[in-house]
Amino acid sequence: MKPISYARHQFPPAVIQHAVWLYLRFTLSYRDVEDLLAERGLDVSYETIRRWVGKFGPAIARNLRQLRCRPSSRWHLDEMVVRINGRQMYLWRAVDDEGEVLEVLIQHRRNKAAARKLIRKLLKKHGFVPTRITTDKLRSYGAAFKEIGLSAEHEQGVYQNNRAEVSHQPLRRRERKMQRFKSPGSAQRFVSMHAATYNTFNLQRHLISRRTLRAFRAQAMAEWNAAVVAA
């Protein structure tokens, strides 16, 4: 995990880290973050916050991913339509059975080649073969698995893949708040940062006690603070 350099910036690292955390953690616009900082007496423009997120967000996300434990061996894959600059594209998403986001990939097609690229990135990134993969009934998945020679159990069905279907909701909320993505490159950078932050702070609160929730929040913030450490 590499320390992050905040040199040659007017504001101290704590302010930059807090602004980036607000934007990635909550469904806020850059102007919303600007207002929240202004309420604390910090005069920061939304354009400055945008540059902070673009510069420090990918490095923080990379450090957060290095702090995560190995995911479950049961994966769920799904794809959804997104409109980027007036063009229809597809956001391919993989999560495990506990809701951990494994990979998010924006592609032009919804075919065998796109499914093959997703699964190859997953295998390379996580370094192990899952025991079971659940998808919808898109036949491209089966064709891609056969071409790669993947031996994992392949389960198909609409309801069986609810874990992946529901996992799109936080990103859909961000897409609406951002008034849609502006380009494939910026969209890919954002979804990667968002996934790493979401994994750190995501928790099914209704399944735990208040004491456990407090401990989880403390642990999540400890991981974030470790990821944004200055050089």
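Presented here is an overview of the structure given in this document.

What counts and what doesn't
Residues numbered from 1 in each chain as written. Predicted model: local features only at pLDDT ≥ 70, side-chain atom pairs only at ≥ 80, totals over all residues. Heavy atoms only, no water. Helix = DSSP H or I, 4+ residues; strand = E, 2+ residues; numbered from the N terminus. Contact = heavy atoms within 4.5 Å. Pairing = 2+ DSSP bridges. Axes fitted to C-alpha atoms, helices over the stretch in contact; angles between N-to-C directions. Buried < 20%, exposed > 50% of the residue type's maximum accessible area, 1.4 Å probe, protein only. Core = buried A, V, L, I, M, F, W, Y, C linked by side-chain atoms within 4.5 Å.

### Focus: the environment of Leu-203
Structurally, Leu-203 can be placed in the loop between helix 8 (184–201) and helix 9 (210–227). Between the C-alpha atoms of Leu-203 and Val-166, which are 37 residues apart in sequence, the distance is 14 Å. Non-local contacts of Leu-203, meaning those with residues more than four positions away in its chain, are made with Ile-208, Leu-213 and Phe-216.

### What about the sheet that holds strand 5 (residues 153–156)?
Pairing is mixed across the open sheet formed by five strands, whose spatial order is 3-2-1-4-5. Across the chains shown, the open sheet's two edge strands, defined by having one partner strand only, are strand 3 (101–107) and strand 5. Within the sheet, the average angular offset between the axes of one strand and its neighbour, ignoring direction, is 20°. Sheet analysis places strand 1 (residues 74–84) next to strand 2 (residues 87–96), joined by ten bridges and oriented antiparallel. If you follow Trp-75 over to strand 2, its bridge partner there is Asp-96. The strands touched by helix 4 (residues 112–126) within the sheet are strand 1, strand 2, strand 3 and strand 4 (132–135), with strand 3 carrying the most contacts at an inclination of about 145°. Relative to the sheet, helix 5 (residues 139–148) contacts strand 1, strand 2, strand 4 and strand 5, its axis offset from that of strand 1 by approximately 125°.

### A word on the environment of Tyr-46
By the secondary structure assignment, Tyr-46 is in helix 3 (residues 46–67). The class of Tyr-46 is partly exposed, set by a relative accessible area of 27%. Placed twelve residues apart in sequence, Tyr-46 and Glu-34 show a C-alpha to C-alpha distance of 5.5 Å. The residues contacting Tyr-46, other than those within four sequence positions of it, are Tyr-30, Arg-31 and Glu-34.

### Comments concerning the nonpolar core
Within the largest apolar cluster, 46 residues are counted, with the highest numbers of intra-cluster contacts made by Val-20, Leu-24, Val-33, Trp-52, Ile-60, Leu-91 and Trp-224. Counting only elements with at least two residues in this core, the list comes to helix 1 (13–25), helix 2 (30–39), helix 3, strand 1, strand 2, strand 3, helix 8 and helix 9. Contact partners of Leu-24, with chain neighbours within four places excluded, come to Val-53, Arg-174, Phe-190, Met-193, His-194, Thr-197 and Trp-224. Counting 20 residues, the second largest nonpolar core, distinct from the first, contains Tyr-90, Ala-94, Leu-122 and Ala-144.

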